[in-house]
Amino acid sequence: MIKLPKESGLNVVPFIDIMLVLLAIVLSISTFIAHGQIKVDLPKSDNAPSISNDNKDKLIIAIDAKNTFYANDKEIDIKDLEYEINKLSKDTLVELKTDKNSKFDSFVQVINLLKNKEHQNFQIITEQSR
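Below or above, wherever it landed, is the structure these notes cover. None of these values were measured; they are calculated from a predicted model.

### Some remarks on the overall build of the protein chain
So, point 1. Secondary structure summary: the protein chain contains 3 helices and 7 strands in total.
So, point 2. Along the protein chain, from the amino end to the carboxyl end, the secondary structure elements read α-β-β-β-β-α-β-α-β-β.
So, point 3. When each of the 130 residues of the protein chain is scored for burial, the buried share is 28%.
So, point 4. A separation of at least 24 residues holds for 77% of the contacts in the protein chain among residues at least 6 apart in sequence.
So, point 5. Total accessible area computed for the protein chain in this model is approximately 10000 Å², and 57% of it derives from carbon and sulfur atoms.

Quick look at the structure:
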């Protein structure tokens, strides 16, 4: 027969160690996800538009420095972007964010797609110069 000490209980120290490690992992991943947006170095302007977050019905088009197109933070090619623009209603706001190091041709392609659709409710997002 094995005798156990009178005060034998569950040792929770290893459990607390594991929980602290998991907490550190969750916090570091959530910080990455919060800042994991597409990196676009916007051109500077004295008249940068104010970005409203209250409009649910909008399409955000971004072009990064490598001339990759994104629609609402998802990578997309130009044909699929054309499809997305064609299914927009006339009053849907389109925000265009173009990296200052991207080709001007990429910007013109998006503007051309908007013109073909006769979509005029768009704004070009720039960074406020200081």
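So, next bit.
### Looking at helix α3 (residues 104-116)
So, point 1. Taking 1.5 Å per residue as the helical rise, α3 with its 13 residues ought to reach 18 Å, and the 18 Å between its terminal C-alpha atoms agrees with that figure.
So, point 2. Residues of α3 that are buried: S106, F107, V110, I111, L113 and L114. One side of α3 carries all its buried residues, which in axial view fall inside an arc of 155 degrees. Away from its buried face, by an angle of more than 90 degrees, α3 presents the exposed residues F104, K115 and N116.
So, point 3. Following α3 by one or two positions, E118 has its phi on the positive side, about 60 degrees.

### Focus on the environment of Y70
So, point 1. Take Y70: it is sitting in strand β3 (residues 69-71).
So, point 2. Using a relative accessible area of 14% as the deciding quantity, one classes Y70 as buried.
So, point 3. C-alpha separation for the pair Y70 and I60, spaced 10 residues apart in sequence, amounts to 7.9 Å.
So, point 4. A distance of 3.3 Å separates polar atoms of two side chains, one belonging to Y70 and the other to D64.

### What to know about the pattern of salt bridges
So, point 1. In the structure shown here, the tally under the stated rule is 2 salt bridges.
So, point 2. When the shortest N-O distance is used, the salt bridge between K58 and E95 registers 3.3 Å. On the criterion of sequence distance, the pair formed by K58 in strand β2 (residues 58-63) and E95 in strand β5 (residues 93-98) is long-range, its members being 37 residues apart. You'll find K58 and E95 in the same group, each marked buried.
So, point 3. Where E84 meets K87, a salt bridge forms, and the shortest distance between an N and an O atom there is 3.5 Å.
So, point 4. Relative accessible area serves as the criterion here: at 52%, K87 is assigned to the exposed category.

### Focus: the pairing of β5
Along any regular strand, the residues point their side chains to alternate faces of the sheet.
So, point 1. The buried count for β5 comes to 5 of 6 residues, which makes it a mostly enclosed element.
So, point 2. In terms of strand pairing, β2 meets β5 through 6 bridges, oriented parallel. Note that in β5 the partner of I60 across the bridge is E95.
So, point 3. Sheet topology places β5 next to strand β6 (residues 122-125); 4 bridges connect them, and they run parallel. By the bridge assignment, K97 is partnered in β6 with I125.
So, point 4. The parallel pair β5 and β6, bridged by α3, forms a crossover whose chirality is right-handed.

About the thresholds
- Residues numbered from 1 in each chain as written.
- Predicted model: local features only at pLDDT ≥ 70, side-chain atom pairs only at ≥ 80, totals over all residues.
- Heavy atoms only, no water.
- Helix = DSSP H or I, 4+ residues; strand = E, 2+ residues; numbered from the N terminus.
- Buried < 20%, exposed > 50% of the residue type's maximum accessible area, 1.4 Å probe, protein only.
- Contact = heavy atoms within 4.5 Å.
- Areas by Shrake-Rupley, 256 points an atom, 1.4 Å probe, with all protein chains shown as cover.
- Expected span 1.5 Å × (residues − 1).
- Arc of directions from axis to C-beta.
- Polar contact = N/O pair within 3.5 Å; in protein donor to acceptor, adjacent residues only side chain to side chain.
- Salt bridge = Lys/Arg side-chain N within 4 Å of Asp/Glu carboxyl O.
- Pairing = 2+ DSSP bridges.
- Right-handed = clockwise from strand over helix to strand, strands pointing away.

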